Amino acid sequence: MSQQAVKFAYWVPNVSGGLVVSKIEQRTHWGIDYNRKLAQLAEEAGFEYALTQIRFTAGYGAEYQHESVAFSHALLAATTKLKVIAAILPGPWQPALAAKQLATIDQLTNGRVAINVVSGWFKGEFQAIGEHWLEHDERYRRSEEFIRSLKGIWTQDNFTFRGDFYRFDNYSLKPKPLGRPEIFQGGSSRAARDMAARVSDWYFTNGNTPEGIKAQVDDIRAKAAANNHSVKIGVNAFVIARDTEEEAREVLAQIIDQADPEAVNAFGDAAKQAGRASPEGEGNWAKSTFEDLVQYNDGFKTNLIGTPQQIAERIVALKAVGVDLVLAGFLHFQEEVEYFGQRVLPLVRALEAEALSRHTAAVA
């Protein structure tokens, strides 16, 4: 188990409809007033990161979604410690634009902006905005060039790059970021994992069991070591923390019982097509059930559902298989983020301290 404390991030609900495809009440809002207060609550609760989403077209409950970079800057302006990860999609964004946007925000916020490079899974979105659609592994090849370009622009003067998708000739960006922003990426396919093992700082995986996550972690870290690279692991989880396990399970049952079948199936058809499009058929959502898809990123699978003690123990079990960060979604964000900070996170830290004490005693 790593001696570093597990980190926590939350999904920014900068979108109407929340994070479940269900008609259940979700006390959340996509607007800036709600999200400013949420960012401040999360910072106070002990969350270190927030992740903004990006979707260019409305659908599957994702109406009224803000543009991620501008919204991230607004949240950074409302906080002092929280890091905000802006989701950026190669294709609509070019690396020169992204590099300059983020360098400026980094300067204005004392180095608190990061990037999540989203390779793209929704073909209908690309078609709707007139963007060329690449096949699965080509999208990851483009994303890798995108990341290599960002790193070069941010760290070198007279940057030159010759790729299949991007080219630079003696390009110098000033001002550069205060420090190179952290680069996150997601995906479960072979291409996604291999890209993480070569160029990314962080790899996000969809929700999964500890056994499933361990297999991904071991695979990525072995390949990264062979590349003289290191990568940290984040896992998606939908958190339902309640005073009793029965209450938490009842909330989960209500979410699924009130799922919007039309929206879930429409999202599922597009998402599963994307997952099966990888050559090995193992991409995100390839094996997700209807119930899994009610939460966009398989968050129920991670099973952070129960009492604060149960959830804390499961988080430490995730850490034991190599998870460095938990990316959390909630039904009612403001009150549940606050509850998590008060009731769950202190238990996680206590369990981590106990584990470290045992390890220290064992090696003494």
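Residues numbered from 1 in each chain as written. Predicted model: local features only at pLDDT ≥ 70, side-chain atom pairs only at ≥ 80, totals over all residues. Heavy atoms only, no water.

Draft legend 1. Structural view of the overall build of the chain. From N to C terminus, the chain includes 12 helices and 12 strands. Against the compact-globule benchmark of 21 Å for 364 residues, the chain has a radius of gyration of 20 Å, which places it among compact chains. For the C-alpha atoms alone, the extent of the chain along its principal axes is close to 60 × 60 × 45 Å. Put simply, the chain has 364 residues, and 57% of those count as buried. Long-range pairs, those at least 24 residues apart, make up 74% of the contacts in the chain between residues at least 6 apart in sequence. As presented, the chain carries roughly 15100 Å² of accessible surface, and 49% of it is formed by carbon and sulfur atoms. (Helix = DSSP H or I, 4+ residues; strand = E, 2+ residues; numbered from the N terminus. Rg over C-alpha atoms; globule rule 2.2 N^0.38 Å. Buried < 20%, exposed > 50% of the residue type's maximum accessible area, 1.4 Å probe, protein only. Contact = heavy atoms within 4.5 Å. Areas by Shrake-Rupley, 256 points an atom, 1.4 Å probe, with all protein chains shown as cover.)

Draft legend 2. Structural view of the packing of helix α6 (residues 190-198) against helix α7 (residues 210-226). Relative to each other, α6 and α7 sit at 45 degrees, their axes nearing to 8 Å. By the angle between their directions, the pair α6 and α7 is classed as oblique. The hand of the α6/α7 crossing is right-handed. Along its contact with α6, which presents R190, R193, D194 and A197, the element α7 presents Q216, D219, I220, K223 and A224. Tallied by class, the residues present in the contact of α6 with α7 amount to 3 nonpolar, 1 polar and 5 charged. (Axes fitted to C-alpha atoms, helices over the stretch in contact; angles between N-to-C directions. Parallel < 35°, antiparallel > 145°, perpendicular 65-115°, else oblique. Left-handed = near helix turned anticlockwise from the far one by under 90°. Nonpolar A, V, L, I, M, F, W, Y, C, P; charged D, E, K, R; others polar.)

Draft legend 3. Summary view of the packing of aromatic side chains. All chains considered together, the criterion is met by 19 aromatic pairs. Relative to F340, the ring of F8 lies with its centre 5.3 Å away and its plane at 70 degrees, an arrangement referred to as edge-to-face. One end of the pair, F8, is in strand β1 (residues 7-11); the other, F340, is in helix α12 (residues 333-363), with 332 residues separating them in the sequence. When its relative accessible area of 0% is taken as the criterion, F8 is described as buried. The class of F340 is buried, set by a relative accessible area of 1%. Following the ring pairs from residue to residue traces out a cluster consisting of F8, Y10, F47, F330, F333 and F340. (Phe/Tyr/Trp six-rings, centres within 6.5 Å; stacked < 30°, edge-to-face > 60°.)

Draft legend 4. How the structure looks around the pattern of salt bridges. Inspection of the entire model under this criterion finds 25 salt bridges. In this structure, the salt-bridge partner of K174 is D157, at a minimum N-O distance of 4.0 Å. Residue K174 is located in the loop between β6 (167-171) and β7 (183-186), and its partner D157 is located in the loop between α5 (136-155) and β5 (159-162); the two are separated by 17 residues in the primary sequence. Residue D157 is classed as partly exposed on the basis of its relative accessible area of 39%. Across the pair D219 and R193 runs a salt bridge, and its minimum N-O distance is 3.4 Å. Residue D219 is found in helix α7, and its partner R193 is found in helix α6; the two are separated by 26 residues along the sequence. Like R193, D219 is buried. Residues participating in the shared-partner salt-bridge network are R190, R193, D194, D219 and K223. (Salt bridge = Lys/Arg side-chain N within 4 Å of Asp/Glu carboxyl O.)

Draft legend 5. Looking closely at the packing of helix α1 (residues 32-45) against α12. At a closest axis distance of 9 Å, the pairing of α1 and α12 adopts a crossing angle of 0 degrees. Classified by the angle their axes make, α1 and α12 are roughly parallel. Contact with α1, carried on its side by Y34, K37, L38, L41, A42 and A45, involves F333, Q334, V337, E338, G341 and L345 of α12 and no other residues of that element. Here the residues of the contact of α1 with α12 are counted per class, giving 8 nonpolar, 2 polar and 2 charged.

Draft legend 6. Fine view of the nonpolar core. Core analysis: the biggest nonpolar cluster contains 111 residues, and Y10, I255, I315 and F340 have the highest contact counts within it. No other element matches the 8 residues that α12 contributes to this core. When neighbours within four sequence positions are excluded, F340 is seen to be in contact with F8, F47, V239, I311, I315, F330, L345 and P346. (Core = buried A, V, L, I, M, F, W, Y, C linked by side-chain atoms within 4.5 Å.)

Draft legend 7. Main features of unusual backbone geometry. With omega at 0 degrees, the peptide bond leading from K174 into P175 counts as cis. Inspection of the secondary structure assignment puts P175 in the loop between β6 and β7. Phi is positive for N110, which is not a glycine, with a value near 60 degrees. A relative accessible area of 64% means that N110 is categorised as exposed.

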